[in-house]
Structures are given as C-alpha cells and as structure tokens.
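This is what each chain is made of:
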Amino acid sequence: MQLKKLLKSLGPYALYNGKDAEITSIENDNRKVVQGSLFICIKGFTVDGHDFAQKAFEAGAAAILAERELAAELPIPVIIVKDTKKASSILADAFYDHPTQKFNLIGITGTNGKTTTSHLIETILQKANKKTGIIGTMYTKIDNEIQETKNTTPEAVTLQKIFHQMAEKKVETAVMEVSSHALSEGRVFGCDYDIAVFTNLTQDHLDFHGTMDEYRRAKGLLFTRLGNVYSQEAPKFAVLNKDDAASEEYEKLTAAIVVTYGIDKEADIMAKDIHITSAGTEFQLITPAGRFPVALKMVGKFSVYNALASIAAAFVSGIPMETAITALESVKGVSGRFETVDAGQDFSVIVDYSHTPDSLENALVTIKEFAEGDIHVIVGCGGDRDKTKRPLMADIACKYAKHAIFTSDNPRSEDPLQILKDMEAGVVGKEYKVIADRKEAIEYAVKNANANDVILIAGKGHETYQQVGAQTFDFDDRLVAREAILGVKK
Ligand SMILES: CC(=O)N[C@H]1[C@@H](OP(=O)(O)OP(=O)(O)OC[C@H]2O[C@@H](n3ccc(=O)[nH]c3=O)[C@H](O)[C@@H]2O)O[C@H](CO)[C@@H](O)[C@@H]1O[C@H](C)C(=O)N[C@@H](C)C(=O)N[C@H](CCC(=O)O)C(=O)O
Ligand SMILES: Nc1ncnc2c1ncn2[C@@H]1O[C@H](COP(=O)(O)OP(=O)(O)OP(=O)(O)O)[C@@H](O)[C@H]1O
Ligand SMILES: N[C@H](CCC[C@H](N)C(=O)O)C(=O)O
C-alpha cells in the first residue's frame, strides 16, 4: 500500500506532503522490520521506540511514524503525529483493509470470567457450525490452529495482523478478551465490535489504573465506542450483567442495543432455582425465547454468570437457545479453571486461576458449599502487580479455609518474601502458614490433607511457569500436585 493512501486513514491528524513510498508491512518493533516496513516509534513503559528508528531504517524501513523529531536525520519520510500508539491502531486496521468489518467480532471485558466466557461462546458458535477465532490470555486460536500470545489483548499491530489472518481463513465470528489495559492504551481502537460483553467489575490492576473509578472508566470504553463506529448494516449489542453496579453506567454510555443477564436483579436472560453440587450446577434458564432446564458440568454461582453471559451473546447472535444449551452442557471446564487433579487420593485437589480477591472468594465460597472435610488453600500474589490486593487475598484465604498457606506466584522483579509480608499484613492475629517455595507449599498441603478435605491451589490455573526475577521456570500446579499426591501414596 502507498504511504500517502495509508496516512489518509489518520485524516488531518497526520498532515504529510512529502515523498510517497510503497509500504509492505507495519511494525512497531525494529526487530520485525523488513524491506519497505512503516516503522512506528512507540514510547513504552520500559524503553522508547524512537531510539530504534535508526536500526529500523538500517533493516529496510521505508518510512517512520514518530511523536517527535528523531535524533538522526534519515533519508526516508518521517511523519510526526501526536500519539503513535493510537495512530498504530488506526493505521494497522487500514493496512489490513479493516479485517474486523469482514466477520463478527465479540469483545468480552470484566475483571473475572473473560477467558471462561470466551471459551463458552466459542463452544456455542462451533455447535452452531460457525468457523471461529479466539484471542485471549491462554492463546490465539484461528479455526483450530493455536498461536502463542504474550498479552491477554495484544498490541494493535499484532492484533490487526491476527484479524487479517482470521479474515483470510474465513473466520465467521471471533471472540476476544478485551483487557482494561488494552482499552486504556487504545490497543483495540480500529476494532469493529458487533457484540460487547461485560462480566463483572471488582478490584484488580490498581497499579495501572490508580483508582477503581479509572478502572471502571477504562472498561466502559468498550461500550462507549459500540454502536457508533463505522457505518452499520447490522445492529450492535451490549450484553451487560444486571447484578453488577457498573452495568448501569455502561448502559448509559452505549449507543448499542442492551441485553441484560443476571441472577438477583430482573434481567432479559436469567437463572432461577440454582442448585450447585461438587459435580455441577443446575438451573432454570429464563429467556425471551422461553424457559429451559440447564445442567452444567461447571460448578459455582460464578459459572452460572459465565453461562448466562454466553447464552445472551448466543441469543443476540440469533443462535437457537437449544443449540446454545446443548453446547454449554457439553463443556467439562476450561483449562486451569476449577480443574480437579485426581491421582486416586481420598481428598480433592482443585487448581483455579483465582488471582483477584473476588475470584478467590468465589472459588472458596463455592468449595464451602460442597466440602465435607477441611478446606486448605495455597495462594500467592503476583509481583509487579496491584499491591493492594495482597492483604485482601490473604484475609479471604483465612476467612474461608481452615488451613491457609501463603506462597509465591510469579514474584517477577519483586522480593518474594516482601510480597508475602504484604499479604501477612492483612491477617494479623489469624492462623496461617508461609511457605515461600510453591512446590513445598503444595507438598505440605497434600501431606496434611485428610479424607474428604479439599485443597484449592489458587492463582496460576493454566500457567506452566513461575517467573522469578528475569528467569522463567517450568511450573505447573497440576503436575506438581499430582507428583505430590503420588509421592505421599508411596
Ligand atoms: C505495562 C504494559 O502494558 N506493557 C506492555 C507494553 O510494554 P512496554 O510499554 O514496556 O514496551 P517497551 O518494551 O517499552 O517497548 C516500547 C516500544 O519499543 C519497541 N522496541 C522495544 C525493544 C526493541 O529492541 N525494539 C523495539 O522496537 C517495542 O516493540 C515497543 O513498540 O507493550 C508490550 C508490547 O505490546 C506489551 O507486551 C507489554 O505488556 C506487558 C508484558 C504486560 O505485562 N502487560 C500487562 C500489564 C497487561 O497488559 N495485561 C493485560 C491483561 C490484564 C488482565 O486482564 O488480567 C493484557 O492485556 O495482557
Ligand atoms: N464470572 C465470574 N465472576 C467471578 N469470578 C469468576 C468468574 N468466572 C471465573 N471466575 C474466577 O476467576 C478466575 C479467572 O477466570 P477467567 O480466566 O475466566 O477470568 P479472566 O477475566 O479471563 O482473567 P484474566 O484477566 O486474568 O485473564 C477463575 O479461575 C475463577 O476462579
Ligand atoms: N492477567 C493477570 C494474570 C495474573 C496471574 C497471576 N498468576 C500473576 O502472575 O499475578 C495479570 O497479568 O495481572
């Protein structure tokens, strides 16, 4: 594509009267630049992309987009714009010929439940014979081909490249997790969402957003932009959780048609007569299309919310309720979400990705509903993440579990012992144990569990690593627990 044509997508934002150039790719990482790339300099949290402009030129860049004059004069067009991050989203969408206008795009935001709900919706869509794509914490999946991703929501250039691949593969509906970081950084500007789903809002990421108000506002951006972007032939839908107070605000923000779901408050899609056991959850589903009995293999009230959000997304997608229910009833669970480890022991071991106060509480409340013996919880808090959730999570662990063990969960650049001290500040005078080494913590719980007890290993779910300092070690709670159980049985 010609540079001048591409820049038109930015409108008067990027006034440019210089030489034209043939652009072969858009990159914001100099290490990916090829002959003819447009290199976009982004000032990051760690380094400044402007410092790599020279290297990008040497690698063959045909033009540079920057926020300021570069240190060295380069013999290629250099276009200055106010915000290269935002510009990169718009340019990448234009370069790939607006891929998200070629298929249906469902975005899911909320503190907890994004990964689970996106997989439930994917299962429903596949049952309805749709070709799907998925982008989220666990991976990117195009049809059934998996690609690894670093972020829950990739940065804009990578994201639009993925959408382009989806369009090429004739994906009919893509389901993606939209993180609050992505919304506030503009990673998803340029995405034409058809349906936006809100799960819930509870505390997380205050290190990034500062306050709960800012965090809520960031998530609201998904709904603000829905229904008033691009020319639309089909209506846009906002699927909102009526039981979460933030939905009231999002309902006011959006120009889309609102469909609500809930358990406690009156909503368009509801669950009544909920019955939770250790084996699953049964409820009566009330929809505008009728009333249906549902029997999920997933446990907990939070699983009902995820199921309702998925049903609502299916409903506005025109999928028959019977198809959606059959699909949901077939789901055994999502990797690392309330996943049981069974190595023939007489107590239960559950691995769950609860790494926020709310999700930890939900997991423990659910376990309390069916546990016949004592509850043990092994929990840590991530380094370089919201520090204020540490004492809260420790307090929740002690509130619901008889045996609370605090351990490490990706300490990253922080001192693991300091993270544990931050947790302990929330449980002064309460009974707990600190075992910094996660493997030892799991072995300790397994060794001390009696028949019918339940051990919850929280925080890492599907993760197969532990990040300590700059190093990443192999670590999978499920494998470590299995080995510990087998070790005890010997
Ligand atoms: C705080 C944050 O959001 N950081 C993201 C950000 O990193 P950064 O700002 O440090 O980037 P940087 O390393 O300074 O690089 C700046 C620019 O220089 C370029 N560069 C850099 C080095 C080089 O040699 N050459 C070069 O050209 C980079 O490509 C980039 O364009 O941009 C990177 C590339 O897009 C992201 O991977 C990275 O996410 C990091 C890994 C991260 O942990 N982010 C978390 C906080 C996050 O975003 N989480 C949410 C999920 C949260 C949830 O819901 O639970 C997510 O969506 O993942
Ligand atoms: N609807 C929900 N409400 C509250 N907690 C939930 C809900 N769904 C799942 N959880 C809990 O949150 C954990 C994480 O779930 P999931 O991975 O689906 O959320 P997520 O929003 O994708 O998280 P992340 O942003 O970290 O990727 C689960 O292991 C479970 O304990
Ligand atoms: N998306 C979340 C995942 C946290 C998972 C937990 N195991 C941790 O490392 O803190 C984050 O990046 O904050």
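Residues take numbers from 1 onward in each chain, read along the sequence in its written order. Following the order in which they are written, the chains are lettered starting with A and the ligands numbered starting with 1. Two thresholds apply to this predicted model, a pLDDT of at least 70 for residue-level local features and 80 or more for giving and counting side-chain atom pairs, whereas whole-chain, interface and lining totals are computed over all residues.

1. Notes on the overall build of the chain
Helix and strand counts for the chain stand at 16 helices and 23 strands. A compact globule built from 490 residues should have a C-alpha radius of gyration of about 23 Å, and the chain, at 24 Å, falls within 12% of that. Burial status across the chain gives 51% buried among its 490 residues. Our contact criterion uses C-beta atoms placed from the backbone: two residues qualify when those atoms are within 7 Å. Once local pairs closer than 6 in sequence are excluded, the contacts in the chain between residues at least 24 apart make up 67%. Here a strand is any run of E in DSSP of at least two residues, a helix any run of H or I of at least four, and the numbering for each starts at the N terminus. Throughout, radius of gyration means the C-alpha value; the globule benchmark is 2.2 Å times the number of residues raised to the power 0.38. In this scheme every C-beta is placed from the backbone, and a residue whose C-beta has 20 or more other C-beta atoms within 10 Å is buried, one with 12 or fewer is exposed, and one in between is partly exposed.

2. Digging into the site of ligand 2
A residue counts as near a molecule or strand when its C-beta atom, positioned from the backbone, falls within 6 Å of it. Around ligand 2, a shell composed of 22 residues is seen, among which Asn 112, Gly 113, Lys 114, Thr 115 and Ser 359 lie nearest. When contributions to the shell around ligand 2 are tallied by element, the ones reaching two or more residues are helix H4 (114–127), helix H10 (301–316) and helix H12 (357–370). It is H12 that contributes the most residues to the shell around ligand 2, 4 residues altogether. Among the residues forming the shell around ligand 2, the class breakdown is 4 nonpolar, 13 polar and 5 charged. All domain edges in this entry derive from an automatic or database-based domain assignment. When residues of the shell around ligand 2 are assigned to domains, at least three map to each of domain 2 (99–329) and domain 3 (339–489). Residues are grouped as follows: Ala, Val, Leu, Ile, Met, Phe, Trp, Tyr, Cys and Pro are nonpolar; Asp, Glu, Lys and Arg are charged; all remaining types, including Gly, are polar.

3. Observations regarding the sheet that holds strand S8 (residues 145–147)
Any two strands are treated as partners once DSSP identifies two or more bridges connecting them. Taken in spatial order, the 11 strands make up an open sheet running S8-S7-S6-S9-S5-S10-S11-S12-S13-S14-S15, and their pairing is mixed. For this open sheet the edge positions go to S8 and strand S15 (290–296), each flanked by a neighbour on one side alone. Pairwise comparison of adjacent strand axes, ignoring direction, gives a mean angle of 15 degrees for this sheet. When strand S10 (residues 195–198) meets strand S11 (residues 237–241), the two strands line up parallel, connected through 3 bridges. Along S11, the bridge assignment pairs Ala 196 with Ala 238. Helix axes use the C-alpha atoms of the stretch in contact, all axes being lines fitted to C-alpha atoms, and the angles between their N-to-C directions lie in the range 0 to 180 degrees. Contacts between H10 and the sheet are confined to strand S5 (104–109), S10, S11, strand S12 (257–262), strand S13 (269–276), strand S14 (281–287) and S15, with S13 contributing the most and set at about 150 degrees to the helix.

4. Some remarks on helix H9 (residues 246–253)
Note: α-helices contain 3.6 residues per turn, so residues at a spacing of three or four share the same orientation. Listed in full, the buried residues belonging to H9 are Ala 246, Ser 247 and Tyr 250. Looking straight down H9, one finds that the buried residues subtend no more than 95 degrees of arc, so they occupy a single side. Seen from the buried face of H9, the exposed residues on the opposite side, beyond 90 degrees, are Glu 248 and Lys 252. Buried residues along H9 sit in contact with S10, helix H8 (212–224), S11 and S12. Arc definition: it is the arc formed by the directions from the helix axis to the C-beta atoms.

5. Side note on the confidence of the model for the chain
Per-residue confidence from the prediction method is given by pLDDT, with values spanning 0 to 100. Model confidence for the chain is summarised by a mean pLDDT of 94, while 98% of its residues fall at 70 or above. Both scores are given for the predicted complex: the pTM is 0.92, the ipTM 0.95.

6. Some points on the pairing of strand S21 (residues 454–458)
Of all the 5 residues making up S21, 5 are buried; the element is thus mostly covered by neighbouring parts of the structure. Here S21 shows no split at all, with Val 454, Leu 456 and Ala 458 on one side and Ile 455 and Ile 457 on the other all buried. In this structure, strand S17 (residues 348–352) lies alongside S21, joined through 5 bridges in parallel fashion. Note that in S21 the partner of Val 351 across the bridge is Ile 457. The pairing of strand S18 (residues 375–379) with S21 spans 4 bridges and is classified as parallel. Within the sheet, the bridge partner assigned to Ile 375 lies in S21 and is Val 454.

7. Observations concerning the UniProt feature "domain: Mur ligase N-terminal catalytic" (unreviewed entry) in the chain
UniProt positions are given in the numbering used here, feature names are shortened, and annotations may be inferred rather than shown by experiment. UniProt tags residues 22–96 as "domain: Mur ligase N-terminal catalytic" (unreviewed entry). Here residues 22–96 runs as 24% helix and 19% strand, with 15 Å between its end C-alpha atoms.

8. Topic: the nonpolar core
Proteins that are soluble and globular tend to have nonpolar side chains buried together. The biggest cluster of nonpolar side chains holds 145 residues, and the ones touching the most others in it are Val 239 and Ala 312. Broken down by element, this core gets its largest block of residues, 12 residues, from H10. Joining buried Ala, Val, Leu, Ile, Met, Phe, Trp, Tyr and Cys residues through C-beta atoms within 7 Å gives a set, and that set is a nonpolar core.

9. Some thoughts on the site of ligand 3
Taken together, Thr 152, His 355, Gly 382, Arg 385, Asp 409, Asn 410, Gly 459, Lys 460 and Glu 463 make up the full set of residues adjacent to ligand 3. The residue makeup of the shell around ligand 3, split by class, is no nonpolar, 5 polar and 4 charged.

10. Focus on the sheet that holds strand S16 (residues 339–340)
Strand order in this open sheet of 6 strands is S16-S17-S21-S18-S19-S20, and the pairing throughout is mixed. Each edge of the open sheet carries a strand with a single partner, namely S16 and strand S20 (433–434). Judged from the 2 bridges that link them, strand S19 (residues 403–406) and S20 form a sheet pairing that is parallel. Directly across from Ile 405, in S20, lies its bridge partner Lys 433. Sheet strands in contact with H12 are S17, S18 and S21, and its direction is about 165 degrees off that of S21. In the packing of helix H15 (residues 438–448) onto the sheet, contacts are made with S18, S19 and S21, and the angle to S19 comes to roughly 165 degrees.

11. A short note on the pairing of S5
Here S5 lies mainly inside the structure; 5 of its 6 residues are buried. Relative to strand S9 (residues 173–177), S5 runs parallel, the two being bridged by 5 bridges. Looking across to S9, one finds that Leu 105 is bridged to Ala 174. Looking at chain direction, S5 and S10 are connected through 4 bridges and run parallel. Note on S10: the bridge partner recorded for Ile 108 is Val 197.

12. Side note on the packing of helix H13 (residues 389–400) against helix H14 (residues 416–424)
For the pair H13 and H14, interaxial distance at closest approach is 6 Å and the crossing angle is 60 degrees. Considering only the axes of H13 and H14, their crossing is right-handed. Here Arg 390, Pro 391, Met 393 and Ala 394 of H13 lie close against H14, whose contacting residues are Ile 419, Asp 422, Met 423 and Glu 424. When its residues are assigned to classes, the contact of H13 with H14 shows 5 nonpolar, no polar and 3 charged. By the definition used in this description, the sense in which the near helix is turned from the far one sets the handedness, with an anticlockwise turn below a right angle giving left-handed and a clockwise turn giving right-handed.

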